[in-house]
Amino acid sequence: MIRAANSEDAEQAVRVIRRSIEELCVSDHQRDESVLSMWLSNKTAENFRRWLKSPDQRLLVAEHDGAICSVGGATRSGEITLNYILPDARFRGVSTAMVMALEQILLNRGNSLVRLTSTQTAQRFYHSMGYQDAGPPVFWGRMPGYPMEKIIE
Ligand SMILES: CC(C)(COP(=O)(O)OP(=O)(O)OC[C@H]1O[C@@H](n2cnc3c(N)ncnc32)[C@H](O)[C@@H]1OP(=O)(O)O)[C@@H](O)C(=O)NCCC(=O)NCCS
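Keep in mind the model is a prediction, meaning the values are calculated, not measured.

> Looking at this structure, how should I read the site of the ligand?
Every one of the 22 residues lining the ligand counts as a neighbour, but Phe91, Gly93, Ser95, Thr96 and Thr119 are closest to it. At a separation of 2.8 Å, a nitrogen atom of the ligand approaches a polar backbone atom of Asn83. Between an oxygen atom of the ligand and a side-chain N or O atom of Arg90, the distance comes to 2.8 Å. About the coverage of the ligand: the protein hides 76% of its 930 Å² of free accessible area. When contributions to the shell around the ligand are tallied by element, the ones reaching two or more residues are helix 1 (10–24), strand 4 (79–85), helix 5 (94–108), strand 5 (113–118) and helix 6 (123–128). When residues in the shell around the ligand are grouped by element, the largest group, four residues, is from helix 6. Across the shell around the ligand, the residue classes tally to nine nonpolar, ten polar and three charged.

Here it is as structure tokens:
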């Protein structure tokens, strides 16, 4: 089940995001402590609650057996900002459903172009969802991110 996130989700949602980064995105951070700590630094329950209050951002969670297994987010301007899965829930279609739900929200708001910066880990996933590369990698410290976009209708 995918639903709008609320402030009571903050602790659990942040745990999902942090585990997803730490355990699944190893090819991105390569277990480099400085990269990892920079990446994780804003992934706090306090920030999650702040993001929830922002009129610019919509946050969703996917639940399985009453527990959050995925967290997604998109901005009003059409950028997917969060798409993280609990490692135990990987490759069961959850992120596909999450991205489709975010695309639907953006479509309903009148966006026709979805943009995101992919991890290396998720590049193949986004390509299979119809996203195309949109320029050279952008660097966040030493870590590359891959701009991608997709026209939705
Ligand atoms: C890659 C990832 C996003 C896929 O999400 P998921 O919920 O596990 O995947 P789904 O079951 O919805 O989709 C499966 C698709 O993932 C891709 N995939 C399958 N195996 C993969 C692998 N070993 N590595 C990367 N992608 C793979 C394929 O495109 C597959 O589609 P297919 O079965 O049609 O070929 C997720 O597993 C992951 O690693 N997330 C880490 C966090 C992250 O990088 N998020 C993106 C931030 S921009």
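> Would you mind going over the side chain of Lys150 with me for this structure?
Here Lys150 shows up in strand 8 (residues 143–151). Side chain to side chain, Lys150 and Glu103 meet in a polar contact 3.1 Å long. Here the side chain of Lys150 touches Met129 through a polar contact of 2.7 Å, landing on its backbone oxygen.

> Is there a simple way to think about the environment of Gly145 in this case?
You can see Gly145 is positioned in strand 8. Each residue touching Gly145, except ones within four places of it in the same chain, is listed here: Thr117, Ser118, Pro137 and Val138.

> In this structure, what is going on with unusual backbone geometry? I would like to understand it.
Most peptide bonds are trans, and most residues other than glycine sit at a negative phi. The phi angle at Gln30 is positive, at roughly 50 degrees, despite the residue not being glycine. Checked against the element boundaries, Gln30 lands in the loop between helix 2 (26–29) and helix 3 (33–40). Unusually for a residue other than glycine, Arg31 sits at a positive phi of about 55 degrees. Tracing the backbone shows Arg31 in the loop between helix 2 and helix 3. The exposure class assigned to Arg31 is exposed, which follows from its relative accessible area of 60%.

> Explain the nonpolar core here, please?
Considering soluble globular proteins, one finds that nonpolar side chains tend to be buried as a cluster. Counting residues in hydrophobic clusters, the biggest one holds 45 residues, and the most contacted among them are Ile21, Phe48, Val71, Ile80, Leu82, Tyr126 and Tyr131. Sorting elements by how many residues they give to this core places helix 1 first, with seven residues. If sequence neighbours within four positions are ignored, Val71 has contacts with Ala13, Val16, Ile17, Phe48, Leu60, Val61, Leu82, Asn83, Tyr84 and Met98.

About the cut-offs
Chains are numbered independently. Their residues run from 1 in the order of the written sequence. Thresholds applied to this predicted model are a pLDDT of at least 70 for local features of residues and 80 or more for the giving and counting of side-chain atom pairs; totals over whole chains, interfaces and linings are not thresholded and use all residues. Side-chain calculation: all heavy atoms of the structure are included, whereas hydrogens and water are not. Nearness is defined per residue: one heavy atom within 4 Å of the molecule or strand is enough. Polar contact is the term for a pair of N or O atoms within 3.5 Å; when the atoms are in protein, one must be able to donate a hydrogen and the other to accept it, and sequence-neighboring residues count only if both atoms are side-chain atoms. Methods summary: accessible areas were calculated by the Shrake-Rupley approach with a probe of 1.4 Å, and residue burial reflects only the protein chains presented. Helix and strand assignments come from DSSP, with helices taken as H or I runs of at least 4 residues and strands as E runs of at least 2, each series counted from the N terminus. Basically, the charged four are Asp, Glu, Lys and Arg, the nonpolar ten are Ala, Val, Leu, Ile, Met, Phe, Trp, Tyr, Cys and Pro, and anything else, Gly included, counts as polar. Contacts between residues were defined by any pair of non-hydrogen atoms, one from each residue, lying within 4.5 Å. Only protein chains enter the accessibility calculation, which uses a 1.4 Å probe; a residue whose area is less than 20% of its type maximum is buried, one above 50% is exposed, and one in between is partly exposed. By convention a nonpolar core is built from buried Ala, Val, Leu, Ile, Met, Phe, Trp, Tyr and Cys residues, the set being connected through side-chain atoms within 4.5 Å.

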